[in-house]
Amino acid sequence: MGLDRELEGLLVVSLEQAVAAPYCSLLLADAGARVIKVERPEGDFARGYDRGADGQSVFFALLNRGKESVCIDLNTDDDVTLLRAMLNEADVFLSNIAAGSLERRGFGGEVLRKQNPGLITCAITGYGNEGEAAKKKAYDFLVQAESGLCSVTGSQSQPARVGLSVVDISTGLTAFSAILRALIQRGRTGIGLDINLSMFDVMADWMNMPLMGHRYLEGAPARLGLTHAFIAPYGAFTAGDGDQVLLAIQSNHEWADFCRAVIDAPELIEDPRFKDNPARIANLQALTTMINKRFEPFSRSQIIARLDAARIACSNLNTVADLSAHPLLRQQDVYFGDSILSVADLPVETDHPRKTRVPLLDQQGASVRDEFATQQFLPKGRKP
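Remember, it's a predicted structure, so these values are computed and weren't measured experimentally.

J.: Just to check I follow, could you spell out the pairing of strand β7 (residues 234–238) for this structure?
T.: Regular strands show a simple pattern: their side chains alternate between the two faces of the sheet. Where β7 and strand β8 (residues 244–248) come together, 5 bridges link them in antiparallel fashion. Paired with Thr238 across the strands is Gln244, a residue of β8. The loop that links β7 with its antiparallel partner β8 comprises 5 residues; one of these, Gly242, has a positive phi angle of about 90 degrees.

This is the structure we're talking about:
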């Protein structure tokens, strides 16, 4: 028996856009919750990221499968009433819009819980809710830069952003875990609560290792591309066919196995230049040149086979095209209008089939409006 719709029966209303909150609500939907995605009249701007799905966005499809879509204009009284009616029934109210904007419109958690005491709110911001920073727009790569992540990413000559939306995704994951904790607490107390998450705080936590290096270990690690500041050999090496292999040797025992079984050079085990990790770091250029020379007679696949046989940690330096054809890649079909998209499956397996349908803009608008049109604003659980 595995995970199986454990959040079934819960209603999540998500006033969301872009990546961070949509990724969180995707995970909530996958766990069985009903997720109503609230969009502005023109839709989540992520719908316009690309046109790879017969004119619609494949990136939007990736993040929004399994949800319902309703367009709400908070500048109209009727739609304000509709959102209040939805939140009177909701278990979770998730959002990632400008800091403080919901509170200014009367949708803060304290106000909402007067009608729905068990409501959990989770607000994702860029830099928190206070001070001048709260007014700043925060996109993934900007927070990467602001948090110092770019300073430890890239080559010696050039900083770089991580090549995917690591801030957004990590924030969505953090929000998901915080909401699960809040649901467990509500199960004990019957009372909801407010969760406030900033993308900057999430990434600052992820940056703790270089931060500790800066404060206590004579400096944060330098940008070294695929190599390591303190361990060698550790990085990418070139096989005879020109393809690269990544390997990481963490101990002298592994170094001895590498010399004997992989490069057929047992005499290097006690070579003063390479006999232990400090020596290998001190002679890194000579070490790298030697390994590349020893790899020349072999193709990448042959080197990987030798490394695997010797139980040396290694991997291919794959492209995205390699990933697309990787034998370990688990995939899921996602349906968006008339398009069928094959995506990497979510990592947590479940007993129930995944929710795979992506909503068109306002696709469930009419049914959601009908459902909540007769809502009376009595505290939840006290309806006539």
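There is more to say, and it comes next.
J.: Is there a simple way to explain the sheet that holds β7 in this structure?
T.: Strand-to-strand pairing in sheets goes through backbone hydrogen bonds, with the strands running parallel or antiparallel. A sheet is described by the order of its strands in space; here 3 strands give the open sequence β7-β8-β9, paired in antiparallel fashion. Bordering the open sheet on either side are β7 and β9 (313–316), each of which pairs with just one other strand. Each neighbouring strand pair of the sheet contributes to a mean axis angle of 25 degrees, computed without reference to strand direction. In terms of strand pairing, β8 meets β9 through 4 bridges, oriented antiparallel. Among the inter-strand pairings, Leu247 is bridged to a residue of β9, identified as Cys314. The strands touched by helix α12 (residues 284–295) within the sheet are β7 and β8, with β7 carrying the most contacts at an inclination of about 40 degrees.

J.: Any chance you could explain unusual backbone geometry here in plain terms?
T.: Across residues other than glycine, the phi torsion is negative in most instances, and most of the peptide bonds are trans. The linkage connecting Ala232 with the following residue, Pro233, adopts the cis geometry, with an omega of -5 degrees. As for its position among the elements, Pro233 is in the loop between α9 (208–216) and β7. Non-glycine residue Arg5 carries a positive phi angle of around 50 degrees. Tracing the backbone through its elements, the reader meets Arg5 in the segment before β1 (11–15). The exposure class of Arg5 is partly exposed, given its relative accessible area of 34%.

J.: In this structure, what is going on with the side chain of Arg223? I would like to understand it.
T.: Tracing the chain through its elements places Arg223 in the loop between α9 and β7. The side chain of Arg223 is buried and forms no salt bridge, while Glu146, the nearest opposite charge, is found at 15 Å. Of note is the side chain of Arg223, whose polar atom sits 2.9 Å from the backbone oxygen of Ser155. A distance of 3.4 Å separates the side chain of Arg223 from the backbone oxygen of Gln156, its partner in a polar contact. Residues within four places of Arg223 in sequence aside, it is in contact with Cys150, Ser151, Val152, Thr153, Gly154, Ser155, Gln156, Ser157, Gln158 and Pro159.

J.: I tried to follow the nonpolar core on my own but got confused; where do I start?
T.: For soluble globular proteins, the rule of thumb is that nonpolar side chains tend to be buried together. Leu28, Ile179 and Ile195 are the most contacted members of the largest nonpolar core, which totals 39 residues. Those elements giving two or more residues to this core turn out to be α1 (20–30), β4 (92–95), β5 (120–125), α7 (166–189), β6 (194–198) and α8 (199–206).

J.: Is there a simple way to explain the sheet that holds β5 in this structure?
T.: If you walk across this open sheet you meet the 6 strands as β3-β2-β1-β4-β5-β6, and the pairing is parallel. Looking at which strands have only one partner, the edges of the open sheet turn out to be β3 (68–71) and β6. Each strand of the sheet is rotated relative to its neighbour by a mean of 20 degrees, with strand direction disregarded. One ladder, built from 5 bridges, connects β5 with β6; its direction is parallel.

J.: In this structure, what is going on with the packing of aromatic side chains? I would like to understand it.
T.: Two aromatic rings, taken as a pair, are described by how far apart their centres are and by the angle between their planes. Counted according to the given criterion, the structure contains 7 aromatic pairs. Arranged with centres 6.5 Å apart and planes meeting at 80 degrees, the rings of Phe237 and Phe295 form a pair that is edge-to-face. With Phe237 in strand β7 and Phe295 in helix α12, the pair connects residues that are 58 residues apart, well separated along the chain. Under the relative-accessibility criterion, Phe295 is labelled buried at 0%. Here the aromatic rings of Phe258 and Phe295 are separated by 6.3 Å at their centres, their planes lie at 65 degrees, and the arrangement is edge-to-face. Of the two residues, Phe258 is situated in helix α10 (residues 252–262) and Phe295 in helix α12; the sequence distance between them amounts to 37 residues. Here a set of aromatic residues connected by ring pairs shows up, and it is made of Phe237, Trp255, Phe258, Phe274 and Phe295. Seen from the ring of Phe107, Arg84 lies directly overhead, with NZ or CZ sitting 4.4 Å from the centre.

Cut-offs used in this document
Residues numbered from 1 in each chain as written. Predicted model: local features only at pLDDT ≥ 70, side-chain atom pairs only at ≥ 80, totals over all residues. Heavy atoms only, no water. Pairing = 2+ DSSP bridges. Helix = DSSP H or I, 4+ residues; strand = E, 2+ residues; numbered from the N terminus. Axes fitted to C-alpha atoms, helices over the stretch in contact; angles between N-to-C directions. Contact = heavy atoms within 4.5 Å. Buried < 20%, exposed > 50% of the residue type's maximum accessible area, 1.4 Å probe, protein only. Lys, Arg positive; Asp, Glu negative; His and termini not counted. Salt bridge = Lys/Arg side-chain N within 4 Å of Asp/Glu carboxyl O. Polar contact = N/O pair within 3.5 Å; in protein donor to acceptor, adjacent residues only side chain to side chain. Core = buried A, V, L, I, M, F, W, Y, C linked by side-chain atoms within 4.5 Å. Phe/Tyr/Trp six-rings, centres within 6.5 Å; stacked < 30°, edge-to-face > 60°. Lys NZ or Arg CZ within 6 Å of the ring centre and 35° of its normal.

Everything listed here is a matter of geometry and, on its own, says nothing about what the molecule does.
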